[in-house]
Amino acid sequence: MLLPALLMTTLAGLSTGLGGLLVLWKCPSNRGVSLALGFAGGVMLTVSLADLVPSGMAYYRGFLPPFAAGCAAGSLILAGMAIAGLLDGILPDENKMMEKLARDGAKALPEQGFAAGAESDEAVALRARALHCGIAVGLALLLHNLPEGILTLFTSVADPRDGLRVTIAIALHNIPEGISVATPLWYATHSRAKSAGAAFLSGLAEPAGALLAYFLLRGFLTEGFLNGLTLLVAGVMSWVSCAELLFGGFALGEKKSAAIGFALGVGGMILGIAALA
């Protein structure tokens, strides 16, 4: 049963890449990127707080009183936010990104079909901000997709019917996650290959994590470990949603577009979670 289960896990992960492909037909404007970043922020925050956190809380409430369960879950979420803050510190500096984008811009843009000519400092700064967002989101989704892959694989091995249901649910919410990775990278680099590649790479963390867990970590994958990891990831994603995606959308000067995107992301994911529960 391992091969069919691994196939379902891979398909769920590849849907992230599909989401990335959906936005590569045309390089987005500032308004389009702000809308996409707000949408991605709404999706990730809703997945974290309305899906991941309740499942983790339910585990702790099974053997702890409500206040203690809340403290346990809250401490793990805050730890995840701290991890995300530390990850942000190791990302490339935006000033260095600006220098590289400015250096490469005059050569790369005409080759890729964009208008020639030097970009303004403001345009380069906005592209650097978007690139920083894209990298941060990609790292967050790598962390998020590892436990998702483990869940999909082990569920599919235990019960193929349940595995199919989990695969469909994860695949559907991976599509907007792929959009959230590819859109800022597409805007920043004007490279379809790099943007799509980043989306597919973050999705392939699901089968990679599943295989690693199945062959090397099976003895450590207790219910407590997986629920704790889920809450840590919820903290990481909540931080990235606010500190990177929403901040990035507002920084592009299109606050209304970012807010509209956020509202659409929250509403869409609430409906999706309810429909697939």
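In what follows, the structure referred to is the one given above.
What this report covers is the structure whose coordinates are included nearby.

Conventions we followed
- Residues numbered from 1 in each chain as written.
- Predicted model: local features only at pLDDT ≥ 70, side-chain atom pairs only at ≥ 80, totals over all residues.
- Heavy atoms only, no water.
- Helix = DSSP H or I, 4+ residues; strand = E, 2+ residues; numbered from the N terminus.
- Expected span 1.5 Å × (residues − 1).
- Bend = angle between axes of the 7 residues up to and from the residue.
- Contact = heavy atoms within 4.5 Å.
- Buried < 20%, exposed > 50% of the residue type's maximum accessible area, 1.4 Å probe, protein only.
- Phe/Tyr/Trp six-rings, centres within 6.5 Å; stacked < 30°, edge-to-face > 60°.
- Patch = residues over 30% accessible without salt bridge, like charges linked within 9 Å, V, L, I, M, F, W, Y side chains within 5 Å.
- Areas by Shrake-Rupley, 256 points an atom, 1.4 Å probe, with all protein chains shown as cover.
- Salt bridge = Lys/Arg side-chain N within 4 Å of Asp/Glu carboxyl O.
- Core = buried A, V, L, I, M, F, W, Y, C linked by side-chain atoms within 4.5 Å.
- Axes fitted to C-alpha atoms, helices over the stretch in contact; angles between N-to-C directions.
- Parallel < 35°, antiparallel > 145°, perpendicular 65-115°, else oblique.
- Nonpolar A, V, L, I, M, F, W, Y, C, P; charged D, E, K, R; others polar.

## Considering unusual backbone geometry
Despite not being glycine, H190 has its phi angle at roughly 55°, a positive value. Relative to the helices and strands, H190 is located in the loop between α6 (160-189) and α7 (192-216).

## Focus: α7
A rise of 1.5 Å per residue sets the reference length of α7, with its 25 residues, at 36 Å; its end C-alpha atoms lie 35 Å apart and thus fit the reference within 8%. The largest bend in α7 amounts to roughly 25° and is located at E206, with the proline P207 lying one to four residues further along. Against α1 (2-21), α5 (121-158) and α6 lie the buried residues of α7.

## Quick word on the environment of S191
The residue S191 is located in the loop between α6 and α7 in this model. Judged by relative accessible area, which is 11%, S191 ranks as buried.

## Some remarks on the packing of aromatic side chains
Considering all chains together, one arrives at 3 aromatic pairs under this definition. A ring pair is formed by Y59 and F63, whose centres lie 5.3 Å apart and whose planes are at 75°; its orientation type is edge-to-face. Residue F63 is classed as exposed on the basis of its relative accessible area, which comes to 51%. The rings of Y59, Y60 and F63 are connected pair by pair, giving a single aromatic cluster.

## A closer look at a nonpolar patch on the surface
Residues L7, L11, L14 and L204 make up a contiguous nonpolar surface patch of about 350 Å² in total accessible area. With 3 residues, α1 is the single largest residue contributor to the nonpolar patch. Looking at the element boundaries, L14 is found in helix α1.

## Considering helix α8 (residues 223-251)
The terminal C-alpha atoms of α8, which comprises 29 residues, lie 40 Å apart, in line with the 42 Å expected from a rise of 1.5 Å per residue. Its maximal kink placed at S241, α8 deviates by approximately 35°. Looking one or two places after α8, you find G253, whose phi comes out positive at around 85°.

## Quick word on the environment of N30
Note that N30 resides in helix α2 (residues 30-61). In this view, N30 contacts L126, Y187, L252 and E254; residues no more than four positions away in its chain are not counted.

## Quick word on the pattern of salt bridges
Summed over all chains, the structure comprises 1 salt bridge. Here E254 makes a salt bridge to R31, at a shortest N to O gap of 3.8 Å. With E254 in the loop between α8 and α9 (255-276) and R31 in helix α2, this pair connects stretches of sequence that are 223 residues apart.

## Details of the nonpolar core
With 33 residues, the main nonpolar core has M44 and V137 as its most contacted residues. Elements that contribute at least two residues to this core include exactly α2, α3 (66-90), α5, α6 and α8. When residues of this core are assigned to their parent elements, the largest contribution, 9 residues, is made by α2. Ignoring any residue separated from it by four or fewer positions in sequence, one finds V137 in contact with M44, S180, V181, V240 and L245.

## Concerning the packing of α5 against α6
At a minimum axis separation of 8 Å, α5 and α6 run at an interaxial angle of 170°. Judged by the angle between their axes, α5 and α6 are roughly antiparallel. Looking at side-chain class alone, the contact of α5 with α6 contains 17 nonpolar, 13 polar and 4 charged residues.

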